[in-house]
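# Observations on the three-dimensional arrangement
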2 protein chains.
Amino acid sequence: MRLLFIHSDHLEFEATEEAADGLGETEGVPMDGRMEDCVTVFISVESDDAESIDGVVENALAELDDVTGQLNTTDVVLYPYAHLSEDLADPDSAKTVMQDLEAGLEAEGYSVLRAPFGWYKAFEISCKGHPLSELSRHVSHEAPDEEPEDEPRAPS
Amino acid sequence: MRLLFIHSDHLEFEATEEAADGLGETEGVPMDGRMEDCVTVFISVESDDAESIDGVVENALAELDDVTGQLNTTDVVLYPYAHLSEDLADPDSAKTVMQDLEAGLEAEGYSVLRAPFGWYKAFEISCKGHPLSELSRHVSHEAPDEEPEDEPRAPS
Ligand SMILES: [Mg+2]
């Protein structure tokens with residue numbers, strides 16, 4: 001799973017068109033929404049995540065706790081995003097992961113806005129611009145201490 | 001090189017803080033800017049791009065021509081973005097690629113707003129939300145016909 005965190009003054013979206021017939025989520029998610037002063041998390045669920053959805057969700061929740069703790073917020077937008085990986089999971093696994101992340105965060109007391117999978121969406125986002133306002137992480141279903149260290153990122 | 005194209009109602013940025021001492025561009029680029037009704041191109045220059053900067057710039061310009069032609073615009077924001085790849089080029093190569101892309105587009109008559117490399121930046125972007133409004137491409141310095149076909153992308 002690839003995660004891109006943007007510390008945002010706001011994120012707003014509106015679903016415009018189903019990306020393929022029958023693909024788009026229609027239940028349990030809003031077709032539009034807006035959140036202020038939040039962390040927006042763009043998420044690509046990857047093919048090997050499907051081997052252990054519970055494992056990758058658990059590890060992703062730990063990363064989310066870490067990042068939201070650094071940014072001192074409990075308001076989170078979960079936004080499915082295919083463009084962070086070239087090795088995407090099948091759509092059913094991806095939807096399950098997104099749903100499980102939402103349930104896990106809500107169980108921990110977070111306020112969550114989740115954008116629907118499988119729709120083209122208009123959006124507007126602002127990024128605060130401080131040094132921690134853009135972070136990316138790679139999470140697998142393996143135990144975190146088996147994972148390689150984050151590689152250093154050249155800033156841009 | 002990884003390219004993420006967002007067909008945007010607007011893109012606005014402001015440099016806030018140099019990411020490391022001496023790293024940030026300060027000449028030939030504005031420290032803030034805004035463009036309306038444009039294509040925003042988020043760009044990660046990758047390590048193997050440094051093997052032939054002229055080659056990768058030429059191939060990236062061909063992709064830019066293709067995408068801007070589909071979207072019927074000649075207004076382009078070039079935005080350096082480290083989070084699209086885990087195998088980034090050295091900063092000097094990345095800056096040269098960004099500068100050469102700008103010069104190449106301007107020589108073809110495009111209006112270009114280029115965001116500075118090496119700075120943390122606040123930004124706001126809107127995405128139009130039609131089916132072609134988000135596209136990603138991988139470009140190398142090899143001739144395009146040696147490259148593999150774009151892999152199909154599951155929408156999200
Ligand atoms: Mg210029």
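No experiment lies behind these values; they were computed from the predicted model shown. (Residues numbered from 1 in each chain as written. Chains lettered and ligands numbered in written order. Predicted model: local features only at pLDDT ≥ 70, side-chain atom pairs only at ≥ 80, totals over all residues. Heavy atoms only, no water.)

### A word on the state of the cysteines
Two cysteines joined by a covalent bond between their sulfur atoms form a disulfide. Quick note on the threshold: Criterion for a disulfide: a pair of cysteine sulfur atoms at a distance within 2.5 Å.
Scanning the entire structure with this criterion turns up zero disulfides over all chains. A disulfide-free cysteine, Cys-127 of chain A has its sulfur positioned 11 Å from the sulfur of Cys-38 of chain A, the nearest such atom.

### Some thoughts on the coordination of the magnesium ion
Under ideal tetrahedral coordination, the four donors around a metal are separated by 109.5 degrees; under ideal octahedral coordination, the six donors are separated by 90 or 180 degrees. Residues and elements named next belong to chain B. The condition is simple: Each metal's donors are the N, O and S atoms found within 2.8 Å of it, except that Na, K and Ca use a 3.2 Å limit; water is left out, so coordination can look incomplete. Helix and strand assignments follow DSSP, with helices taken as H or I runs no shorter than four residues and strands as E runs no shorter than two, numbered in order from the N terminus. With a 1.4 Å probe rolled over the protein chains alone, any residue whose accessible area is under 20% of its type maximum counts as buried; one over 50% counts as exposed, and the rest are partly exposed.
The magnesium ion binds to the protein through Glu-102 (OE) and Glu-106 (OE), with metal-donor distances spanning 2.4 to 2.5 Å. Here Glu-102 and its partner Glu-106 are both found in helix 2 (residues 91-107), four residues apart, which amounts to about one turn of the helix. Exposure remark for Glu-102: the relative accessible area of 14% places this residue in the buried category.

### As for the relation of the copies chain A and chain B
For clarity, the threshold we go by: Only residues with pLDDT of at least 70 in both copies count here: their C-alpha atoms drive the least-squares fit that superposes the copies. The contact rule is simple, with two residues in contact once any of their heavy atoms fall within 4.5 Å.
Mapping chain A onto chain B leaves a residual RMSD of 0.0 Å; the transformation is a rotation of 180° accompanied by 0.0 Å of translation along its axis. Considering both components of the superposition, the chain copies are consistent with a two-fold axis. For chain A, the smallest separation between a C-alpha atom and the rotation axis is recorded for Ile-125 of chain A, amounting to 2.8 Å. In this assembly, 100% of the residues forming the interface of chain A have copies in chain B that are likewise at the interface, indicating an isologous arrangement.

### Quick notes on the interface of chain A and chain B
For clarity, the cut-off: A simple way to read buried area is as the amount of 1.4 Å-probe accessible surface that goes missing from two parts once joined, with both sides added. The salt bridge definition used is simple: a Lys or Arg side-chain nitrogen within 4 Å of an Asp or Glu carboxyl oxygen. Residue polarity follows a fixed list, in which Ala, Val, Leu, Ile, Met, Phe, Trp, Tyr, Cys and Pro are nonpolar, Asp, Glu, Lys and Arg are charged, and the others, Gly among them, are polar. Only strands that DSSP links by at least two bridges are regarded as paired with each other.
Every contact between the two is made by 40 residues of chain A and, on the other side, 40 residues of chain B. Summing both sides of the interface, chain A and chain B together bury roughly 3400 Å²; the carbon and sulfur share of this comes to 51%. Here chain A is connected to chain B by two salt bridges. Linking Arg-2 of chain A and Glu-86 of chain B is a salt bridge whose minimum nitrogen-to-oxygen distance equals 2.9 Å. Top element by residues in the side of chain A that touches chain B is strand 5 (residues 119-127) of chain A. It accounts for nine residues. Grouping the amino acids of the side of chain A that touches chain B by side-chain chemistry returns 21 nonpolar, 10 polar and nine charged. Note: strand 5 of chain A against strand 5 (residues 119-127) of chain B, five bridges, orientation antiparallel. Looking at strand 5 of chain B, one finds that Cys-127 of chain A is bridged to Phe-123 of chain B.

### Re the pairing of strand 5 of chain B
Residue and element names in this part refer to chain B. Counting buried positions along strand 5 gives eight out of nine residues, so the element sits mostly inside the fold. Bridge analysis of strand 1 (residues 2-18) against strand 5 gives seven bridges, and the strand direction is antiparallel. Considered in strand 5, the bridge of Glu-17 is made with Tyr-120.

### What about the packing of helix 1 (residues 53-71) of chain B against helix 2 of chain B?
Residues and elements named next belong to chain B. Quick note on the threshold: Comment: axis = line fitted to C-alpha atoms, over the contacting stretch for helices; angle = value between 0 and 180 degrees taken between N-to-C directions. Angular relationships are summarised with four words: roughly parallel below 35 degrees, roughly antiparallel beyond 145, roughly perpendicular across 65 to 115, and oblique for the angles in between. In this scheme the handedness of a crossing depends on how the near helix is turned from the far one: anticlockwise by less than a right angle means left-handed, clockwise means right-handed.
Where helix 1 contacts helix 2, the axes come no closer than 10 Å and their chain directions differ by 45°. Taken together, helix 1 and helix 2 sit at an angle that is classed as oblique. The way helix 1 lies across helix 2 gives a crossing that is right-handed. Across the interface between the two elements, Ile-53, Asp-54, Val-56, Val-57, Ala-60, Leu-61 and Leu-64 from helix 1 touch Ser-93, Thr-96, Val-97, Asp-100, Leu-101, Gly-104 and Leu-105 from helix 2. A breakdown of the residues in the contact of helix 1 with helix 2 according to their chemical character gives nine nonpolar, three polar and two charged.

### Things to note about the pattern of salt bridges
The tally for this structure, following the rule as stated, stands at 20 salt bridges over all chains. A salt bridge links Lys-128 of chain A to Asp-9 of chain A; the shortest N-O distance between them is 2.8 Å. Here Asp-9 of chain A lies in strand 1 (residues 2-18) and Lys-128 of chain A lies in the loop between strand 5 and strand 6 (134-138), a separation of 119 residues in the sequence. Here the salt bridges do not stand alone but share partners, grouping Arg-2 and Glu-46 of chain A together with Glu-86 of chain B into one network.

### Let's talk about the packing of aromatic side chains
Aromatic ring pairs are defined here through the distance separating the ring centres and the angle between the ring planes. All names here are of chain A. For clarity, the cut-off: Centre distance within 6.5 Å is the pairing criterion for rings of Phe, Tyr and Trp, where only the six-membered ring of Trp is used; planes under 30 degrees apart are then read as stacked, over 60 as edge-to-face, and the remainder as tilted. Cation placement over rings: the criterion is NZ of Lys or CZ of Arg within 6 Å of the ring centroid and within 35° of the ring normal.
This model, assessed by the stated rule, comprises 12 aromatic pairs over all chains. Seen from their ring centres, Tyr-79 and Phe-123 are 5.6 Å apart, and the 70° between their planes marks the pair as edge-to-face. With a gap of 44 residues between them, Tyr-79 in strand 3 (residues 75-80) and Phe-123 in strand 5 connect regions that are remote in the sequence. Across the pair, exposure class does not vary: Tyr-79 and Phe-123 are buried alike. Taken together, the ring pairs in this structure connect Phe-13, Phe-42, Tyr-79, Tyr-81 and Phe-123 into an aromatic cluster. Looking at Lys-121, its charged tip hangs above the ring of Tyr-79, at a distance of 5.2 Å from the centre.

### Remarks on helix 1 (residues 53-71) of chain A
Residues and elements named next belong to chain A. Heads up, the rule is: By definition here, a helix of n residues has an expected span of 1.5 Å times n minus one.
The first and last C-alpha atoms of helix 1 sit 26 Å apart over 19 residues, in line with the 27 Å expected at 1.5 Å per residue. Buried within helix 1 are the following residues: Ile-53, Gly-55, Val-56, Val-57, Asn-59, Ala-60, Leu-61, Leu-64, Val-67, Thr-68 and Leu-71. At its buried positions, helix 1 is contacted by strand 1, strand 2 (32-44), strand 3, helix 2 (91-107) and strand 6. In the stretch just after helix 1, Asn-72 is the one whose phi turns positive, near 60°.

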